[in-house]
Amino acid sequence: MPDDISKRPPIGPDHQLAAPRPRHKIAWIVVCILLLLVVVLAIVLILRHHEAAEKAAALARRPAPGIAVTIATAQKGSIGIYLDAIGTVTPVYSDSITAQVDGLIVAVHYTEGQRLKKGDPLIDIDSRPYRATLLQAQGALERDENVLAQARMDLERYRNAWARNGIAKQILDDQEKLVLQDEGTVKNDQGTVQYDQVQVEFCSIAAPIAGRVGLRLVDPGNVVQSAAAATLAVITQLEPITVIFTIPEDSLGQVEARLRQGAKLTVDAFDHTALTKLGSGTLLTIDNLIDTTTGTVKGRAQFANQNDALFPNQFVNTRLLVNTLQGVTLIPSSAIQQNGQASFVYLIQDNIAHMRSIKAGVTNGGVTQVTGIGPGDVVADSSFDKLQDNSKVAISTKPVAAAASGSGTP
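What counts, and at which threshold
- Residues numbered from 1 in each chain as written.
- Predicted model: local features only at pLDDT ≥ 70, side-chain atom pairs only at ≥ 80, totals over all residues.
- Heavy atoms only, no water.
- Helix = DSSP H or I, 4+ residues; strand = E, 2+ residues; numbered from the N terminus.
- Buried < 20%, exposed > 50% of the residue type's maximum accessible area, 1.4 Å probe, protein only.
- Contact = heavy atoms within 4.5 Å.
- Pairing = 2+ DSSP bridges.
- Expected span 1.5 Å × (residues − 1).
- Salt bridge = Lys/Arg side-chain N within 4 Å of Asp/Glu carboxyl O.
- Axes fitted to C-alpha atoms, helices over the stretch in contact; angles between N-to-C directions.
- Parallel < 35°, antiparallel > 145°, perpendicular 65-115°, else oblique.
- Left-handed = near helix turned anticlockwise from the far one by under 90°.
- 1 Å grid on protein atoms, 1.4 Å probe; cavity = no way out; pocket = protein on both sides within 12 Å on 5 of 7 lines; lining within 4 Å.
- Points joined across faces, edges and corners; volume = space filled by probe spheres on them.
- Nonpolar A, V, L, I, M, F, W, Y, C, P; charged D, E, K, R; others polar.
- Phe/Tyr/Trp six-rings, centres within 6.5 Å; stacked < 30°, edge-to-face > 60°.
- Lys NZ or Arg CZ within 6 Å of the ring centre and 35° of its normal.

## Points about the overall build of the protein chain
Broken down by element type, the protein chain carries 4 helices and 22 strands. Residues counted as buried form 30% of the 410 residues belonging to the protein chain. Partitioning the intrachain contacts of the protein chain with sequence separation of at least 6 by distance along the chain shows that 77% fall at a separation of at least 24.

Now the structure itself:
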């Protein structure tokens, strides 16, 4: 029979469950934590705002920075006055070799592009027909010389006989004229021999000048004729060589003045890009007529051309040095600004930019001769789009981004 519940012993305190905590206490703890986080966040924001305010105040108290510019210092030096033009490389000598006799080519001695000295063999033409003709002329000359010698002996006998009254004067006179006729015949034979000798020499063609021969135009076995005037070879002198270029008529006066002073004017030749220098020469002379269609006069300059940098018929850019200005003020051309027709620079003094009007003169190689400032003056060389008169500047040692060329009125 089951036990009676009422008879069971009571449960002790150590075996009883703890009473649950109230819910309102947990919510109060969460609210306190959130309030604490809000307070901390507010303190952080206040501190950051205070720090930013202090930085802004410090920046406000700091003077405004100047415009960053690069500078250039005016120098005292020399600059050349040049005349630029386009020229053509022209050989001093250029020979087109043609045949002076008719005949068969038996030998071609040169190779294409060969550098020749004066007298080097070029072409041989069959000379046998001309040597045979020369031999005939020499035989006729020898015969007529002996006939002349016999006539002179007879003349001497007649003179002795006439001195003894052994013959008539007419016989002596006839013999004297006969001697003169024979002398004329001998001279004619001598001329024929010389002509035939020249014809034989024409069969061996040699280089008339030193230079470079072009491509081969004939071969052994070809028949040439003097009347055809066909070119057998072309020789061009390369060292020295000349360049013909133009000089504007407005500049002709100063060039002639320098030539009358005996000055040797230097001419530089550059390639088509005007960047690579091919050689330096000297102005030889100028032409005697001005071209009315272009208003220019031609000049010829000679170059040593030892490195063969100048090639015949090549187009080059020339620079004629007319004069050199000594002891002038020079600044970079990039520092010069334009305001209409007027030129000016920004003169830097005590980190302040001041507009200074100048007069630009000769320009050469990115450098310009100016008046209006002196050697040692410092000028701005960048940031022209930001500069104005009395602008505060900061000198920069690093390149500043280039601005547009020129400037208007500040």
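## Some thoughts on the sheet that holds strand β4 (residues 94-98)
One open sheet holds the 4 strands; their spatial order is β4-β11-β9-β6, and the pairing between them is antiparallel. Strand pairing shows two members of the sheet lacking a second neighbour, β4 and β6 (115-116), which therefore form its edges. Note: strand β9 (residues 211-213) against strand β11 (residues 231-236), 2 bridges, orientation antiparallel. Looking across to β11, one finds that R212 is bridged to T236.

## Considerations on helix α2 (residues 128-163)
Taking 1.5 Å of rise per residue, the 36 residues of α2 would be expected to cover 52 Å, and the 53 Å separating its terminal C-alpha atoms lies within 8% of that figure. Among all positions of α2, only Y130, L134, A137, A140, L141, D144, L148, A151, L155 and A161 are buried. The secondary structure elements touched by the buried residues of α2 are α3 (169-202). Positive phi shows up at N165, right after α2, with a value of about 60 degrees.

## Considering the side chain of Q199
Within the secondary structure layout, Q199 lies in helix α3. By relative accessible area, Q199 is classed as buried at 12%. Look past the residues within four positions of Q199 in its chain and what remains in contact with it is V101 and Y130.

## With respect to unusual backbone geometry
In the segment running from E239 into P240, the intervening peptide bond is cis, with an omega of -5 degrees. Summarising the element assignment, P240 is placed in the loop between β11 and β12 (241-248). For N351, which is not glycine, the phi dihedral falls at a positive 60 degrees. On the secondary structure map, N351 appears in the loop between β18 (342-349) and β19 (352-364). We note that N390 has phi near 70 degrees; this positive angle belongs to a residue other than glycine.

## Things to note about the pattern of salt bridges
Taken as a whole, this structure holds 11 salt bridges when the rule is applied. For D84, the salt bridge identified is with R319, shortest N-O distance 3.2 Å. One end of the pair, D84, is in strand β3 (residues 75-91); the other, R319, is in strand β16 (residues 315-332), and 235 residues separate them in sequence. The class of D84 is exposed, set by a relative accessible area of 56%. Judged by relative accessible area, which is 22%, R319 ranks as partly exposed. Across the pair R128 and D126 runs a salt bridge whose closest N-O atoms are separated by 2.9 Å. Taking relative accessible area as the criterion, R128 reaches 62% and is therefore assigned exposed. One continuous salt-bridge network, built from bridges that share partners, spans R115, E239 and D308.

## Some remarks on the packing of α2 against α3
One can describe the packing of α2 onto α3 by two numbers: an axis separation of 8 Å at closest approach and a directional angle of 160 degrees. Here α3 runs roughly antiparallel to α2, going by the angle between their axes. For the crossing formed where α2 meets α3, the hand is left-handed.

## Some remarks on the layout of surface pockets
The volume enclosed by the largest pocket comes to roughly 210 Å³. As for the largest pocket, its lining consists of 13 residues, and the residues nearest its centre are R212, V234, T236, F311 and P312. At the level of elements, β9 and β11 are the ones that each hand at least two residues to the lining of the largest pocket. Class assignment of the residues belonging to the lining of the largest pocket gives a composition of 8 nonpolar, 4 polar and 1 charged.

## Here's the deal with the pairing of β18
Of all 8 residues in β18, 6 are buried; the element is thus mostly enclosed. Pairing of strand β17 (residues 337-339) with β18 involves 3 bridges; the strand directions are antiparallel. Looking at the pairing, N339 lines up with A342 of β18. Connecting the antiparallel pair β17 and β18 is a turn made up of 2 residues, with G340 showing a positive phi of about 70 degrees. In terms of strand pairing, β18 meets β19 through 7 bridges, oriented antiparallel. Looking at the pairing, Q349 lines up with I352 of β19. Here β18 folds back onto β19 in antiparallel fashion, the turn holding 2 residues, of which D350 has a positive phi close to 55 degrees.

## As for the packing of aromatic side chains
Going through the model one piece at a time under the given rule, you end up with 2 aromatic pairs. Each ring, one from F344 and one from Y346, has its centre 5.6 Å from the other, and the planes form 85 degrees; the classification is edge-to-face. Like F344, the residue Y346 is buried in the burial classification. Here the aromatic rings of Y346 and F384 are separated by 6.3 Å at their centres, their planes lie at 25 degrees, and the arrangement is stacked. Of the two residues, Y346 sits in strand β18 while F384 sits in the loop between β21 (378-380) and β22 (391-395), which places them 38 residues apart along the sequence. Among the residues examined, Y346 registers a relative accessible area of 0% and is labelled buried. Judged by its relative accessible area of 8%, F384 is buried. We note K169 situated over the ring of W162; from NZ or CZ to the ring centre the distance is 5.7 Å. Taking the ring centre of Y82 as reference, the NZ or CZ of R319 above it sits at 4.0 Å.

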